[in-house]
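# Inside the fold
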Amino acid sequence: MSEEIDVDALLDRVGFDPEHNVLTGRQATVLALRERGVPQADIAERLGTSRANVANVEASARANVEKAREAVAFAEALRAPVRVTIEAGTDIYDVPDAVYAAADESDVTVEYGAPELMKAVVDEADDAIRDRVVMARLLVSVGRDGLVTVRRSASADGE
């Protein structure tokens, strides 16, 4: 088995509180060990379960983390004074002008130049941009601090 890791001490050090977290204690344990390179088979042995069960716990934990990230992004978008919908088919080079125009209307300064703004959108949109074309509707928000967040739109109805 791999090097012994004191998971309880690790979870305590990073501030894991199962009462206020989207992860169960078991999910947090599995993620903590996996993030430190412990193979699923070793975790299964340590927890007295099967490798398949560890794989399922890990997959559920990662899905919960992604849902939590989306919830935070959603809450931030609700508070953001600037929200711009970027339709599928838009050229990425047209995005900065749309964001800057909306920010100007709300008297918000965007903390990115055009190249940095396009890079932020491309990075956060992941595979929603191919070549220079936006492939799925995106929601771009700008907070009072001028920072930009990007999310995929869940529907074709917009805001």
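Structure: see above.
Just so you know, these numbers come straight off a predicted model, no measurement behind them.

Along its length, the protein carries six helices and five strands. Listing each helix as α and each strand as β along the protein from the N terminus yields α-α-α-α-β-α-α-β-β-β-β. Computed over its C-alpha atoms, the radius of gyration of the protein comes to 20 Å, more than 25% above the 15 Å expected for a compact globule of 159 residues. Overall size of the protein, expressed as C-alpha extent along the three principal axes, is 60 × 30 × 30 Å. Going through the 159 residues of the protein one by one, you find that 35% of them count as buried. For the protein, long-range pairs separated by at least 24 residues make up 59% of all intrachain contacts whose partners lie at least 6 apart in sequence.

The pairing of strand β4 (residues 138–142) with strand β5 (residues 148–152) spans five bridges and is classified as antiparallel. Note that in β5 the partner of Leu139 across the bridge is Arg151.

Okay, the packing of helix α2 (residues 25–35) against helix α4 (residues 51–79) next. Closest axis-to-axis distance for the α2/α4 pair is 9 Å, and the angle between their directions is 95°. Classified by the interaxial angle, the pair formed by α2 and α4 is roughly perpendicular. Two secondary-structure elements touch here, α2 through Arg26, Gln27, Val30, Leu31, Arg34 and Glu35 and α4 through Asn53, Val54, Val57, Glu58, Ser60, Ala61, Arg62, Asn64 and Val65.

Another aspect to go through is the pairing of strand β1 (residues 82–86). Only one face of β1 is covered, namely the face carrying Val82, Val84 and Ile86; the face carrying Arg83 and Thr85 is uncovered. Across five bridges, the pairing between β1 and β4 is antiparallel. Directly across from Ile86, in β4, lies its bridge partner Leu138.

Under the counting rule described, the total for this entry stands at 10 salt bridges. Notably, a salt bridge pairs Glu58 with Arg62, separated by 3.1 Å at the nearest N-O pair. Taken together, the positions of Glu58 and Arg62, both in helix α4 and four residues apart, correspond to about one turn of that helix. For Glu58, a relative accessible area of 8% corresponds to the buried category. Of the charged contacts in the structure, one is a salt bridge between Glu66 and Arg69, with a shortest N-O distance of 3.6 Å. Taken together, the residues span about one helical turn, with Glu66 and Arg69 both in helix α4 at a distance of three residues. Residue Glu66 is classed as partly exposed on the basis of its relative accessible area of 46%. Via salt bridges that share partners, Arg34, Glu35, Glu58 and Arg62 belong to a single interconnected network.

Parameters at a glance
Residues numbered from 1 in each chain as written. Predicted model: local features only at pLDDT ≥ 70, side-chain atom pairs only at ≥ 80, totals over all residues. Heavy atoms only, no water. Helix = DSSP H or I, 4+ residues; strand = E, 2+ residues; numbered from the N terminus. Rg over C-alpha atoms; globule rule 2.2 N^0.38 Å. Buried < 20%, exposed > 50% of the residue type's maximum accessible area, 1.4 Å probe, protein only. Contact = heavy atoms within 4.5 Å. Pairing = 2+ DSSP bridges. Axes fitted to C-alpha atoms, helices over the stretch in contact; angles between N-to-C directions. Parallel < 35°, antiparallel > 145°, perpendicular 65-115°, else oblique. Salt bridge = Lys/Arg side-chain N within 4 Å of Asp/Glu carboxyl O.

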